[in-house]
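Results of the structural survey
Residues per chain, in single letters:
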Amino acid sequence: MISRLHLLRFVDGRSVLHRAGARAKVLVLIGLVFGLSFNPSWISVGAVWGTVVVGIVIGRLGAGVVPRPPKPLLAAIGISLVFGLLSGGEPFVSVGSSDVGLGGILLQLRLFGVTLGLLGLTLLLGWTTRSADLPPAASWIMAPLTRVGVPTGEVIAALTLAVRALPLVADDFATVAAMSRTEPKGGSQIDKGMMVLSTAAVASVRRASEFGQAIDGRGMDAPVARHPRWNTADLIVMIVGAMLVAVVALAPGA
Amino acid sequence: MIELQQVGYVHDDDSPWASRALDGISLSIQRGERVLVTGPNGSGKSTLAWVLAGHVAPTEGKAFIDGSPATESVTTTGLLLQHTRLQILAPTVAAEATRYNIDADVHRRSLHALGFDDSILPRKIDEMSLGQQRRVALAGLFARNCPLLVLDEPLAGLDRKSVSQLHAAVDGLPPSTTVVTITHDIEASAPLGTRTITLADGRLVTDSG
């Protein structure tokens, strides 16, 4: 109820990103993820962030889609940046009579840039793709793996259920956190935190159990919906995506 | 005691997924009143429960409890969730009482009123049925002596005997305790309230008070 998490939530629209099929977008996403993971240069990070921002504009998604990070997370990031600054390293800048090493904090900022960039790409996929279209796309992409004995049916079934479970589990976590605030003040915060986490874990396990029963009921190899034909929007996304992947993978300065 | 002034609530406000749950609700509930809130699915009943219990602030209008914003009363207002398992954070029944510093004898009496005996105290919450979990949660809420109780679908999952026990337990609460019961089963819940508020599409459509 009070969750502000918008993972894999579709925003209705008619943009080229919406009209492109899930297969094309997932392929580009995979390319960008691999490119950025193996070449996390500042240019690559900038290209991925730019892709997300341009995607939001082209998709006419509006700034409201961007999640608002919880304050404790922002505080934790702030503290970690202070430690990054204290760790020093090249390059150095002169502040008054002393030299300050920026190597640690720059490395950390790049790590955040990579992490948030990958998260942003995933969110962009979710905002412009109906979650029901993802399992058929994954099925098509993973088809070659079935020839080498990979149990793709199980993987797709698990993916389908995980996508459906995500909002439920997020809602459960938010509810448990809200309930923890009803306790009287005082007592060990660590104990309270552990109690919240254990209850959230129990709730998640129960959800998983329900989904396990669903798998038992319908079987692992339930038919996955057929994917639509390739269209012009797919072509545009694939061409632009290939260029972006090239930039990200080959950009200098890693 | 409770005062709602033009309360509205929009889930995921300022996002593409914004959806209105409450719209222009104004009402006042006096101390000790027993109120039923009913309406069809999606009419905003549970959101109203969360607003009354202070777990969310209205996105429009104001909600007060005893003159202060309802969100300031979140630790003294009791809320029974539909998904009861999520509100019992402790592993056993006895440990749940400890969480809220409830006197052991008061907790035991409350459990007895809802049909349990002392053998329930060491039981693990996860080994109980949904109906038992709901009664344990209710017993904990009643034992906390909250001035305001908001019960969201308290009869769900209860057998007839448990429903009767719940009616009697609510009757046994101090007269100053305000009880707001969210229900879609107005007939079975009738003994829990003397005033009925009906919601539809997030708006207050009838108020017998």
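Source: prediction; values computed, not measured.

1. A closer look at the overall build of chain B
Helices and strands together make up the secondary structure of chain B, namely six helices and 10 strands. Compactness check: chain B gives a C-alpha radius of gyration of 17 Å against a globular reference of 17 Å for 209 residues, within 12% of the reference. Along the three orthogonal principal directions, the C-alpha set of chain B runs to about 50 × 35 × 30 Å. Here chain B, with 209 residues, has 56% of them falling under the buried criterion.

2. With respect to the pattern of salt bridges
The full count for this structure, using the stated rule, is 13 salt bridges over all chains. Among the ionic pairs, Arg130(A) bridges to Asp12(A), the shortest N-O distance being 3.7 Å. Here the residue Arg130(A) occupies a position in the loop between helix H5 (103–128) and helix H6 (134–146), and Asp12(A) occupies one in the segment before helix H1 (16–19), the gap between them amounting to 118 residues. A relative accessible area of 44% places Arg130(A) in the partly exposed class. Using a relative accessible area of 61% as the deciding quantity, one classes Asp12(A) as exposed. For Glu60(B), the salt bridge goes to Arg20(B), with nearest N and O atoms at 2.6 Å.

3. Quick word on the interface of chain B and chain A
By a frequent convention, interface size equals the accessible area lost on bringing the separate parts together. In this assembly, 29 residues from chain B lie in contact with 30 residues from chain A. Its largest share of buried area at the contact with chain A, chain B owes to Trp17(B), Leu86(B) and Leu89(B), together 29% of the area lost on that side. Taken together, the links from chain B to chain A amount to two salt bridges. One salt bridge connects Asp12(B) with Arg9(A), and the closest N-O pair in it is separated by 2.8 Å. In this assembly, chain B and chain A are joined by two residue pairs in polar contact (both at pLDDT 80 or more).

4. Quick look at the confidence of the model for chain A
Regions with low pLDDT carry predicted coordinates that are not meant to be interpreted in detail. Across chain A, the average pLDDT comes to 84, with 92% of residues at 70 or higher. Within chain A, no element has a lower average pLDDT than helix H8 (residues 189–218) of chain A, which sits at 74, and none a higher one than H1(A), at 96.

5. Notes on empty space enclosed by the protein
Residue and element names in this part refer to chain B. Following the criterion strictly, the structure yields one cavity of 30 Å³ or more and no others. By volume, the largest cavity amounts to about 140 Å³. Considering the residues around the largest cavity, the lining is formed by 18 residues, among which Gln 87, Glu 96, Tyr 100, Leu 141 and Arg 144 are closest to the centre. For the lining of the largest cavity, the elements supplying multiple residues, two or more each, are strand E6 (77–80), helix H2 (93–99) and helix H4 (130–143). For the lining of the largest cavity, the element with the highest residue contribution is H4, accounting for four residues. Taken together, the residues of the lining of the largest cavity sort by class into nine nonpolar, six polar and three charged.

6. Section: the sheet that holds E6(B)
Residues and elements named next belong to chain B. Strands sit in the order E6-E7-E8-E3-E9-E10 across an open sheet of six strands; the sheet is mixed. Since the sheet does not close on itself, it has two edges, and those belong to E6 and strand E10 (203–207), each with one partner. Between one strand axis and the next, the sheet turns through 20° on average, direction left out of account. Sheet analysis places strand E9 (residues 195–200) next to E10, joined by four bridges and oriented antiparallel. In the sheet register, Leu 199 faces E10, and the bridge partner there is Leu 204. Strands E6 and strand E7 (148–152) of the sheet are contacted by H4, whose axis makes an angle of about 170° with E6.

7. Notes on the confidence of the model for chain B
Residues and elements named next belong to chain B. Looking at chain B, pLDDT values average 92 and 100% of them are 70 or higher. Looking across chain B, the model is least confident in H2, with a mean pLDDT of 87, and most confident in strand E3 (residues 34–38), with 97. Note on the complex model: pTM 0.81, ipTM 0.75.

8. What to know about H6(A)
All names here are of chain A. Between its terminal C-alpha atoms H6 stretches 18 Å, which fits the 18 Å expected from 13 residues at 1.5 Å a residue. Among the residues making up H6, those that are buried are Leu 134, Pro 135, Pro 136, Ala 137, Ala 138 and Met 142. On its buried face, H6 sits against helix H2 (22–38), H5 and helix H7 (152–180).

9. Quick look at the sheet that holds strand E1 (residues 2–11) of chain B
Residues and elements named next belong to chain B. One open sheet accounts for four strands, arranged E2-E1-E4-E5; its pairing is antiparallel. The open sheet has two free edges, formed respectively by strand E2 (19–29) and strand E5 (68–69), since each of these has just one partner strand. As paired elements, E1 and E2 share seven bridges and run antiparallel to each other. Considered in E2, the bridge of Leu 4 is made with Leu 27. Together, E1, E2 and strand E4 (60–65) form the strand contacts of helix H1 (residues 45–52), whose direction differs from that of E1 by roughly 125°.

What counts and what doesn't
Residues numbered from 1 in each chain as written. Chains lettered and ligands numbered in written order. Predicted model: local features only at pLDDT ≥ 70, side-chain atom pairs only at ≥ 80, totals over all residues. Heavy atoms only, no water. Helix = DSSP H or I, 4+ residues; strand = E, 2+ residues; numbered from the N terminus. Rg over C-alpha atoms; globule rule 2.2 N^0.38 Å. Buried < 20%, exposed > 50% of the residue type's maximum accessible area, 1.4 Å probe, protein only. Salt bridge = Lys/Arg side-chain N within 4 Å of Asp/Glu carboxyl O. Contact = heavy atoms within 4.5 Å. Buried area = accessible area lost by both parts, 1.4 Å probe. Polar contact = N/O pair within 3.5 Å; in protein donor to acceptor, adjacent residues only side chain to side chain. pLDDT = per-residue confidence, 0-100. 1 Å grid on protein atoms, 1.4 Å probe; cavity = no way out; pocket = protein on both sides within 12 Å on 5 of 7 lines; lining within 4 Å. Points joined across faces, edges and corners; volume = space filled by probe spheres on them. Nonpolar A, V, L, I, M, F, W, Y, C, P; charged D, E, K, R; others polar. Pairing = 2+ DSSP bridges. Axes fitted to C-alpha atoms, helices over the stretch in contact; angles between N-to-C directions. Expected span 1.5 Å × (residues − 1).

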